[in-house]
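Structural overview
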2 protein chains.
Amino acid sequence: MNRIFRTEPLTAPAFAPFGEVLEATGSPDRLINQGLCGRFHDRAVLDFGPETLPAGRAGISLFHAEPRSLPYRLELVERHPEGSQAFLPMTQHPFLVIVTEHPEAKPRAFLTNGAQGINLRRGTWHGVLTPLAAPGLFAVVDRIGTSPNLEEHWFDSPWLVVSGAGQA
Amino acid sequence: MNRIFRTEPLTAPAFAPFGEVLEATGSPDRLINQGLCGRFHDRAVLDFGPETLPAGRAGISLFHAEPRSLPYRLELVERHPEGSQAFLPMTQHPFLVIVTEHPEAKPRAFLTNGAQGINLRRGTWHGVLTPLAAPGLFAVVDRIGTSPNLEEHWFDSPWLVVSGAGQA
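Residues numbered from 1 in each chain as written. Chains lettered and ligands numbered in written order. Predicted model: local features only at pLDDT ≥ 70, side-chain atom pairs only at ≥ 80, totals over all residues. Heavy atoms only, no water.

Let's shift gears to the overall build of chain A. Helix and strand counts for chain A stand at one helix and 14 strands. Relative to the globule expectation of 15 Å for 168 residues, the C-alpha radius of gyration of chain A, 16 Å, shows essentially globular dimensions. Dimensions of chain A, computed from C-alpha atoms along their principal axes, come out at roughly 60 × 45 × 30 Å. For chain A, the residues scored as buried account for 52% of the 168 residues in total. Restricting to contacts in chain A with at least 6 residues of sequence separation, those with at least 24 account for 81%. Of the roughly 7,300 Å² of accessible surface on chain A, 53% is carried by carbon and sulfur atoms. (Helix = DSSP H or I, 4+ residues; strand = E, 2+ residues; numbered from the N terminus. Rg over C-alpha atoms; globule rule 2.2 N^0.38 Å. Buried < 20%, exposed > 50% of the residue type's maximum accessible area, 1.4 Å probe, protein only. Contact = heavy atoms within 4.5 Å. Areas by Shrake-Rupley, 256 points an atom, 1.4 Å probe, with all protein chains shown as cover.)

See below:
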């Protein structure tokens, strides 16, 4: 049994195969409100099909998830074939973002820095929402529609996610 | 000079004329992830026109705003005629939501409880983003489009927002 992988810091380049990191870093695209607010404009690739008809649309939901801890046992990944899905933390607590290019590949576990959201590209395999502290409160921008939009893959043998060097 | 009004707690019924309060209260609409996550489903009325063509679309931006303090001098309100605008705090700090039914009416200033976002209905007059603590970091879901989408109204005489009874 050697199905173990380590957390790594979340960065935009490392996460690029899976989607976008949503963060207010670097120079804002615009200064608004008499210069008192920076706008980092249109940072997520929202994609709600239509893969099948009827077409979906964007919606905002709230997710309230139980906190997990490391080491974390990863038993399944899931994906949404019909739409992108953005997770916007409503706290400054880091959370874990588990993704994989396909279910047979070794997954990756990105640890946010407490000021990052993410947007998963449509169809990206990912772990369920895994906050590491209470309250696990997130705003989620994903597809609202009537067609099936969830596939799950359960691993024959679970993975174990352990803390990367120098990380919490 | 008596242009003063007080903050009040943000509640869904009180805010209903202006839009939706986005919060994970009451029973979730669905339990997902083996019962470990509550989904409060599709809580915002997103509306991106088309008031004019070309039509807009939803986008996610990040806003990083300077914190303000009470008493707060309110010099202007603004509105977006082409689209709704949701503010999703990425911290647990309360922030101030100033709205008014029309620029000649007495404004209202709602204070969030630290676990609430809001969605402003298309065309709602509102104050600029006013966090009360650093970092004033928000995810914003609003209209991405090419047509003009900002109107400002400057008050001849500014308003002063003061803390409501029993509030910070």
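Superposition of the two copies of the chain requires a rotation about an axis together with a shift along that axis. For the match of chain B to chain A, the screw axis carries a shift of 0.0 Å, the RMSD comes to 0.0 Å, and the turn is 180 degrees. On the angle and the small slide along the axis, the relation comes out as a two-fold axis. When you check the interface residues of chain B against chain A, 100% turn up at the interface there too, and the contact is symmetric in its surfaces. (Least-squares fit on C-alpha atoms with pLDDT ≥ 70 in both.)

So, about the nonpolar core. In terms of nonpolar packing, the biggest core is built from 29 residues, with A:Ile60, A:Leu88, A:Val141, B:Ile60, B:Leu88 and B:Val141 touching the most fellow members. Sorting the residues of this core by element identifies strand E5 (57-65), strand E7 (85-89) and strand E13 (136-144) of chain A together with strand E5 (57-65), strand E7 (85-89) and strand E13 (136-144) of chain B as the ones contributing at least two each. Dropping the residues within four chain positions of it, B:Leu88 is found in contact with A:Ile60, A:Leu88, A:Ala139, B:Leu22, B:Leu137, B:Phe138, B:Ala139 and B:Val141. (Core = buried A, V, L, I, M, F, W, Y, C linked by side-chain atoms within 4.5 Å.)

On to the sheet that holds strand E4 (residues 37-40) of chain A. Taking strand neighbours across the sheet as the criterion, the seven strands line up as E3(A)-E4(A)-E5(B)-E13(B)-E7(B)-E10(B)-E2(B) in an open arrangement whose pairing is antiparallel. Strands at the two margins of the open sheet, each flanked by one partner only, are strand E3 (30-32) of chain A together with strand E2 (19-22) of chain B. On average, adjacent strands in this sheet sit at an angle of 25 degrees to one another, irrespective of strand direction. (Pairing = 2+ DSSP bridges. Axes fitted to C-alpha atoms, helices over the stretch in contact; angles between N-to-C directions.)

Okay, unusual backbone geometry next. Residues and elements named next belong to chain A. The step from Leu70 to Pro71 runs through a cis peptide bond, and the omega angle for that step is -10 degrees. The omega angle of the peptide bond from Ala134 to Pro135 is -10 degrees, so this bond is cis rather than trans. For Pro135, the location among the structural elements is in the loop between strand E12 (130-131) and E13.

Attention now moves to the confidence of the model for chain A. A low pLDDT score tells you not to read the predicted coordinates there in detail. For chain A, the average pLDDT comes to 94, and 95% of its residues sit at 70 or higher. For this predicted complex, the interface confidence reaches an ipTM of 0.95, while the overall pTM sits at 0.95. (pLDDT = per-residue confidence, 0-100.)

A separate point is the interface of chain B and chain A. In this assembly, 50 residues from chain B lie in contact with 50 residues from chain A. Among the residues chain B hides against chain A, the three largest losses belong to B:Ile60, B:Leu62 and B:Met90. Together they make up 18% of the total. There are four salt bridges connecting chain B and chain A. One salt bridge connects B:Asp42 with A:Arg57, and the closest N-O pair in it is separated by 2.6 Å. Here chain B and chain A share 16 residue pairs in polar contact (both at pLDDT 80 or more) between them. Sorting elements by how many residues they give to the side of chain B that touches chain A places E5(B) first, with nine residues. Bridge count for E5(A) against strand E4 (residues 37-40) of chain B is four bridges, and the pairing is antiparallel. Paired with A:Leu62 across the two strands is B:Phe40, which belongs to E4(B). (Buried area = accessible area lost by both parts, 1.4 Å probe. Salt bridge = Lys/Arg side-chain N within 4 Å of Asp/Glu carboxyl O. Polar contact = N/O pair within 3.5 Å; in protein donor to acceptor, adjacent residues only side chain to side chain.)

Looking now at the sheet that holds strand E3 (residues 30-32) of chain B. If you walk across this open sheet you meet the seven strands as E2(A)-E10(A)-E7(A)-E13(A)-E5(A)-E4(B)-E3(B), and the pairing is antiparallel. Lying at the two open borders of the sheet, with one neighbouring strand each, are strand E2 (19-22) of chain A together with E3 of chain B. Put simply, the sheet's adjacent strands are angled 25 degrees from each other on average, direction ignored. Sheet topology places E7(A) next to strand E10 (residues 117-120) of chain A; three bridges connect them, and they run antiparallel. Its bridge partner lying in E10(A), A:Ala86 is registered against A:Asn119.

Enumeration over the complete set of coordinates arrives at 16 salt bridges over all chains. Here A:Arg73 makes a salt bridge to A:Glu75, at a shortest N to O gap of 3.0 Å. A salt bridge links B:Arg108 to B:Glu8; the nearest nitrogen and oxygen atoms lie 3.0 Å apart. Residue B:Arg108 is located in strand E9 (residues 108-111), and its partner B:Glu8 is located in strand E1 (residues 4-9); the two are separated by 100 residues in the primary sequence.

Across all of its chains, the model carries 12 aromatic pairs over all chains by this definition. Linked through ring pairs, A:Phe15, A:Phe18 and A:Phe110 together constitute an aromatic cluster. (Phe/Tyr/Trp six-rings, centres within 6.5 Å; stacked < 30°, edge-to-face > 60°.)

This part is about the environment of A:Glu8. Among the residues examined, A:Glu8 registers a relative accessible area of 21% and is labelled partly exposed. Expressed as a C-alpha distance, the spacing of A:Glu8 and A:Thr112, which sit 104 residues apart in the sequence, is 8.9 Å.

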